[in-house]
Amino acid sequence: MVKTCWRTRIDDDASGKAEGLMWHKDLGNHLYGEFSMAVIQANNLLEDHCQLESGPLSSSNSGPYGTFIGVYDGHAGTEASRFISHNLFSNFKALVSEHHEISENVINKAFSATEEDFLCLVKKQWLSRPQIASVGSCCLVGVVCNGQLYIANAGDSRVALGRAEPGIRRVKAIQLSREHNANIESVRNELRSLHPDDSQIVVLKHKVWRVKGIIQVSRSIGDAYLKRTEFNREPLQSKYRLAEPFHKLILGSEPSILVHKLQPEDQFLIFASDGLCISATKKLSKLCKISLAM
């Protein structure tokens, strides 16, 4: 279980404790401080991956320096979340080197490059492993660098900021990520506006809203069967096939991005899916410390 979810270049000690279906690492070191991580296995096959990378954020290894956090909540298989954990950060570093900066544009391009690379893999394996077209993953990323926090989310994972309230010993929780789940009314409205001629773009099924009656998330990496009509046919399993071909992608992969300037009262962050949790303490300056938690 540890091998499937743990991937880090931060320190040499990747050991943790396994207790039944839960694995956790209480304290580890990264560039600025410490972090902790926990994974709870909800299915027979653990489909989620996560990573925390700290150090150079460009391929040149000459800077900028910071911390990269990723939570990849896979569905219908492990291939997409594993692929993201192996490729997204390297794509991000290459683009930082190319553009000489960390920006919303760079993060967007890193998501897009990872998506295209995975769809190319699906195309190569389609004839021998058609079910790879049904595999996908939500993708939540955080980057901390030079006092700035970048949050990028495609899917329904979530990040919350813990901010100390002056004068009282209490921390206020502030959600930083925007979720893409058909159970949210604004997401359904967005899908309907993008597909005005499709009355079945969102369907209420067993009291749960789903895109095309199949999947709850409206953005992801992978899920090729809802992005390219060439993969929505036999020999893909019938439960994933649509009755009619589509002419534009149904699910997107573009993340919602927020940029936040860190303040002294910002105490910690929690990055989470329904099965992953990383908690990392990060000292950005003498006046500001942050816990990054997933």
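This text follows the structure it describes.
Keep in mind that what you see is a predicted model, and the values were worked out from it rather than measured. (Residues numbered from 1 in each chain as written. Predicted model: local features only at pLDDT ≥ 70, side-chain atom pairs only at ≥ 80, totals over all residues. Heavy atoms only, no water.)

### Some words on the overall build of the protein chain
No. 1: Summing up its helical and strand segments, the protein chain has four helices and 16 strands in all.
No. 2: Scored against the burial criterion, the 294 residues of the protein chain give a buried share of 50%.
No. 3: Put simply, 61% of the contacts in the protein chain that link residues at least 6 apart link residues at least 24 apart.
No. 4: As presented, the protein chain carries roughly 14,100 Å² of accessible surface, and 50% of it is formed by carbon and sulfur atoms. (Helix = DSSP H or I, 4+ residues; strand = E, 2+ residues; numbered from the N terminus. Buried < 20%, exposed > 50% of the residue type's maximum accessible area, 1.4 Å probe, protein only. Contact = heavy atoms within 4.5 Å. Areas by Shrake-Rupley, 256 points an atom, 1.4 Å probe, with all protein chains shown as cover.)

### Re the nonpolar core
Generally speaking, nonpolar side chains in soluble globular proteins are found buried as a group.
No. 1: Ranked by size, the top nonpolar core spans 28 residues in total, and within it Val 122, Ala 133, Val 211, Ile 215, Leu 226 and Ile 250 carry the most contacts.
No. 2: For this core, the secondary structure elements donating two or more residues are α2 (79-99), α3 (104-125) and α4 (185-194).
No. 3: With three residues, α3 is the largest single contributor of residues to this core.
No. 4: With near-sequence residues (within four places) excluded, Leu 226 lies in contact with Ile 215, Asn 232, Leu 242, Phe 246, Leu 249, Ile 250 and Leu 251. (Core = buried A, V, L, I, M, F, W, Y, C linked by side-chain atoms within 4.5 Å.)

### Re α3
No. 1: In this model, α3 (22 residues) spans 32 Å end to end at C-alpha, consistent with the 32 Å of a helix rising 1.5 Å per residue.
No. 2: Residues of α3 that are buried: Val 106, Ile 107, Ala 110, Phe 111, Thr 114, Glu 115, Phe 118, Leu 119 and Val 122.
No. 3: Of the surrounding secondary structure, the elements contacted by the buried residues of α3 are α2, β6 (136-145), β7 (148-154), β12 (221-222) and β13 (256-261). (Expected span 1.5 Å × (residues − 1).)

### What to know about the side chain of Glu 53
No. 1: Relative to the helices and strands, Glu 53 is located in strand β4 (residues 48-56).
No. 2: A polar contact of 2.6 Å, which involves the side chain of Glu 53, links it to the side chain of Gln 51. (Polar contact = N/O pair within 3.5 Å; in protein donor to acceptor, adjacent residues only side chain to side chain.)

### Digging into α4
No. 1: Among the residues of α4, those classed as buried are Val 187, Arg 188 and Leu 191. Projected down its long axis, α4 carries its buried residues within an arc of 100°, all on one side. The exposed residues of α4 that point more than 90 degrees off its buried face are Glu 185 and Ser 193.
No. 2: Where α4 is buried, its residues touch β10 (202-205) and β11 (208-211). (Arc of directions from axis to C-beta.)

### Considerations on the side chain of Asp 266
No. 1: With respect to the secondary-structure elements, Asp 266 resides in strand β14 (residues 266-272).
No. 2: A distance of 2.9 Å separates polar atoms of two side chains, one belonging to Asp 266 and the other to Arg 163.

### Details of the packing of α2 against α3
No. 1: For the pair α2 and α3, interaxial distance at closest approach is 8 Å and the crossing angle is 135°. In terms of their interaxial angle, α2 and α3 are classed as oblique. You can see that α2 and α3 cross each other, and the crossing is right-handed. Contacts from Glu 79, Ala 80, Phe 83, Ile 84, Asn 87, Leu 88, Asn 91, Phe 92, Leu 95, Val 96 and His 99 in α2 reach Asn 105, Val 106, Ile 107, Lys 109, Ala 110, Phe 111, Ala 113, Thr 114, Asp 117, Phe 118 and Leu 121 in α3.
No. 2: Looking at the contact of α2 with α3, its residues break down into 14 nonpolar, five polar and three charged. (Axes fitted to C-alpha atoms, helices over the stretch in contact; angles between N-to-C directions. Parallel < 35°, antiparallel > 145°, perpendicular 65-115°, else oblique. Left-handed = near helix turned anticlockwise from the far one by under 90°. Nonpolar A, V, L, I, M, F, W, Y, C, P; charged D, E, K, R; others polar.)

### Remarks on the packing of aromatic side chains
No. 1: The final tally for this structure, using the stated rule, is six aromatic pairs.
No. 2: Summarising the aromatic geometry, the rings of Tyr 225 and Tyr 240 are spaced 5.2 Å apart at their centres and angled 65° between planes, so their arrangement reads as edge-to-face. In this pair, Tyr 225 is assigned in the loop between β12 and β13 and Tyr 240 in the loop between β12 and β13, connecting sequence segments 15 residues apart. Accessibility classification places Tyr 225 together with Tyr 240 in one group, the buried group.
No. 3: A cation over an aromatic ring shows up here: Arg 192 above the ring of Trp 209, its NZ or CZ 5.5 Å from the ring centre. (Phe/Tyr/Trp six-rings, centres within 6.5 Å; stacked < 30°, edge-to-face > 60°. Lys NZ or Arg CZ within 6 Å of the ring centre and 35° of its normal.)

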